[in-house]
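Understanding the architecture of this molecule
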Amino acid sequence: MNLENYQIESHNSELLPKHQRKLAFIKDEVANAEGIVQKLIDFQIGIPSWALGTGGTRFGRFSSGGEPRNIEEKIEDIGLLHKLNAASGAISLHIPWDTAENVPAIKALVAQHGLVFDAMNSNTFQDQAGSAHSYKFGSLQHVDKAVRKQAIEHNIEVIRQGVELGSKALTVWLADGSCFPGQLNFRKAFQNTLESLQEIYAALPADWKVFVEYKAFEPNFYSTTVGDWGQSLLYANKLGPKAFTLVDLGHHLPNANIEQIVSLLLMEGKLGGFHFNDSKYGDDDLTAGSMKPYQLFLIFNELVEGMDARGMNHREDLAWMIDASHNVKDPLEDLLQSVEAIMLAYAQALSVDRVALQKAQDENDVARAQEILQQAFRTDLRPLVAEARLRAGAALAPLELFRASNVRQELIKSRGLKTVATGL
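Quick caveat: nothing in here was measured; it's all calculated off a predicted structure.

A word on the nonpolar core
In this structure, Phe274, Phe276, Phe300, Leu303 and Trp320 are the most contacted members of the largest nonpolar core, which totals 103 residues. Residue contributions to this core peak at 13 residues, all from helix α10 (residues 331-350). Apart from residues no more than four positions distant in its own chain, Trp320 is found in contact with Phe43, Gln44, Ile45, Gly46, Asp118, Phe274, Phe276, Phe300, Leu303, Met307, His314 and Arg315. Residues Phe297, Leu357, Ile372 and Ala376 belong to the second largest nonpolar core, which totals ten residues.

Right, here's the structure in full:
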């Protein structure tokens, strides 16, 4: 479905007077409001192809209808999101779910929607049709060298496809691990994984990066071969300068201090990027900012401070992506909400008085430091986020326009009520 410019303009004209009043107020409150708006315009969030369909649990899956049936329709959906918020300008593909049969046509379609390809994602956590070997007991860690070779070759094939499309990064997430004590030798599992990753690393083009993602548990529940940021950092350091750690916000044990983790990874020059989501208990893959908005702000506070300390480009130097599973919401509505929450947390972090915070820290003024951060978090910067969308030609209220335009109903008409997104 295409959203026409006149629909956005009509929507914005109705909301503009109220928006301008809110914007004028917040500009008086925030000293660097114009600078924040420009950074928000520049900032882009990668949308994963797998998040465009209804997710599920091991108990069931309830489709919302009108889901994208192929890579072309996934690109169209992300193009629609980008049209609505002007902040969803990248697509992250998962292979083999999203293998492109006609690469020139896919590249043309992506360009038509003003998108680019973000990191490519490999899949060795499922057995693929026609594969000679099973990943039931691991992939890159497997005791059988033939299984490891199959997994290595798959990742190299993902790189090849990414080069054709214009991507510049590979994300490797492994389900490898064990469910019971004694099931595997930890050291051998680590060494096998490292040797496998080294072969994949050797296949990277000169201008590519590889992101090593970690996860505390699931699908294995006794041990995970890349179970935390320290293990991921070990691999990244051993692999070389093109290898980085990727942080998924849900891939930690409860109450982990994620903001400290990203600060240290930035300090070491080994933070590659993010998979944004939120959680209450574990890897819940909920809408970003829906459960712990203050934590999301604190993470961005460390990101902004750390990136500025290293002279990094906020848009280009890290990979910003969403990884979510929409079990009970419309997937497109959920993604609109996630992008909004991410942009808001980023704006709040940009508004922190860095000079005052540094002074409070140097003087061990704990109460003052807390007040500075909470002042930034409690200030409603949604008008600045909306202004960034307005200046970029997008909607002042994307979710409101999405619903008013009956997007889901139109997608159901064209694609059907019983469609299931590929890869889910």
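Digging into the packing of helix α1 (residues 5-29) against helix α13 (residues 382-391)
Packing of α1 against α13 leaves a shortest axis separation of 9 Å and a crossing angle of 130 degrees. Classified by the interaxial angle, the pair formed by α1 and α13 is oblique. Note that α1 runs across α13; the crossing there is left-handed. Only Pro383, Leu384, Ala386, Glu387, Leu390 and Arg391 of α13 make contact with α1, whose side of the interface consists of Asn12, Leu16, His19, Lys22, Leu23, Ile26 and Lys27. Class assignment for the residues of the contact of α1 with α13 results in seven nonpolar, two polar and four charged.

Describing the side chain of Asp334
The residue Asp334 is located in helix α10 in this model. Asp334 gets classed as buried once you look at its relative accessible area, which sits at 4%. Residues contacting Asp334, with those up to four places away along its chain left out, are Thr287, His326 and Lys329.

Section: the UniProt feature "domain: Xylose isomerase-like TIM barrel" (unreviewed entry) in the protein chain
Here the UniProt-annotated "domain: Xylose isomerase-like TIM barrel" (unreviewed entry) positions come out as residues 100-285. Along residues 100-285 one finds 37% helix and 16% strand; the C-alpha atoms at either end are 27 Å apart.

Regarding the pairing of strand β9 (residues 209-213)
With four of five residues buried, β9 lies mostly within the body of the structure. Inspection of the sheet shows strand β7 (residues 169-172) paired to β9 by four bridges, in the parallel sense. Counterpart to Ala169 in the pairing with β9 is Lys209. Taken together, the four bridges between β9 and strand β11 (residues 243-248) define a ladder with parallel strand orientation. When the bridges of β11 are listed, Val212 appears paired with Thr245.

Some points on the pattern of salt bridges
Close approach of charged atoms allows side chains of opposite charge to pair. Within this structure, the stated rule accounts for 23 salt bridges. Arg382 is paired through a salt bridge with Asp380; the nearest N and O atoms lie 2.9 Å apart. The partly exposed category is assigned to Asp380, whose relative accessible area is 37%.

Structural notes on the packing of aromatic side chains
Under the criterion given, the structure shown has 17 aromatic pairs. When the ring of Phe43 is compared with that of Phe300, the centres are 6.3 Å apart and the planes differ by 70 degrees; the resulting orientation is edge-to-face. Remark: Phe300 occurs in helix α9 (residues 293-309) and Phe43 occurs in the loop between α2 (33-42) and β1 (46-48); sequence separation between them is 257 residues. Seen from their ring centres, Phe217 and Phe221 are 6.2 Å apart, and the 40 degrees between their planes marks the pair as tilted. Residue Phe217 is classed as partly exposed on the basis of its relative accessible area, which comes to 27%. Owing to a relative accessible area of 57%, Phe221 belongs among the exposed residues under this scheme. Each residue in the set Phe43, Phe274, Phe276, Phe300, Trp320 and Tyr346 is aromatic and connected to the rest through ring pairs, giving one cluster. Sitting over the ring of Tyr201, Lys242 keeps its end group 5.4 Å from the ring centre. In this structure, Lys270 is placed above the aromatic ring of Phe244, and the distance from its NZ or CZ to the ring centre is 5.3 Å.

Overview of the environment of Leu249
Structurally, Leu249 can be placed in the loop between β11 and α8 (258-267). Classification of Leu249 by relative accessible area gives buried; the value is 9%. Once the C-alpha coordinates of Leu249 and Gly138 are considered, the two residues, 111 residues apart in sequence, prove to be 23 Å apart. Setting aside anything within four residues of it in sequence, one finds Leu249 in contact with Ile258, Phe274, His275, Phe276, Asn277, Leu296 and Ile299.

Structural notes on unusual backbone geometry
At the junction of Ile95 and Pro96, the peptide bond is cis and its omega measures out at 15 degrees in the coordinates. Mapped onto the fold, Pro96 is located in the loop between β4 (90-92) and α4 (103-112). Even without glycine at this site, Ala86 takes up a positive phi of about 55 degrees. Looking at the element boundaries, Ala86 is found in the loop between α3 (71-85) and β4. For Ala86, a relative accessible area of 13% translates into the label buried.

Comments concerning the environment of Ser279
If you trace the backbone, Ser279 turns up in the loop between β12 (271-276) and α9. A relative accessible area of 7% places Ser279 in the buried class. For the pair formed by Ser279 and Met291, sequence separation is twelve residues and the distance between their alpha carbons is 6.3 Å. Ser279 has contacts with Asp284, Leu286, Met291 and Lys292, leaving out every residue within four places of it along the chain.

Overview of the pairing of β11
The buried fraction of β11 amounts to six of the six residues, a majority that puts the element mostly inside the structure. Neither face of β11 is left uncovered, since the one carrying Ala243, Thr245 and Val247 and the one carrying Phe244, Leu246 and Asp248 both have all their residues buried. Pairing geometry for β11 and β12, over four bridges, is parallel. Looking at β12, one finds that Asp248 is bridged to His275. Assessed by its sense of winding, the connection that carries the chain from β11 through α8 to β12 is right-handed.

Definitions and cut-offs
Residues numbered from 1 in each chain as written. Predicted model: local features only at pLDDT ≥ 70, side-chain atom pairs only at ≥ 80, totals over all residues. Heavy atoms only, no water. Core = buried A, V, L, I, M, F, W, Y, C linked by side-chain atoms within 4.5 Å. Buried < 20%, exposed > 50% of the residue type's maximum accessible area, 1.4 Å probe, protein only. Helix = DSSP H or I, 4+ residues; strand = E, 2+ residues; numbered from the N terminus. Contact = heavy atoms within 4.5 Å. Axes fitted to C-alpha atoms, helices over the stretch in contact; angles between N-to-C directions. Parallel < 35°, antiparallel > 145°, perpendicular 65-115°, else oblique. Left-handed = near helix turned anticlockwise from the far one by under 90°. Nonpolar A, V, L, I, M, F, W, Y, C, P; charged D, E, K, R; others polar. UniProt positions renumbered as here; feature names shortened; annotations may be inferred. Pairing = 2+ DSSP bridges. Salt bridge = Lys/Arg side-chain N within 4 Å of Asp/Glu carboxyl O. Phe/Tyr/Trp six-rings, centres within 6.5 Å; stacked < 30°, edge-to-face > 60°. Lys NZ or Arg CZ within 6 Å of the ring centre and 35° of its normal. Right-handed = clockwise from strand over helix to strand, strands pointing away.

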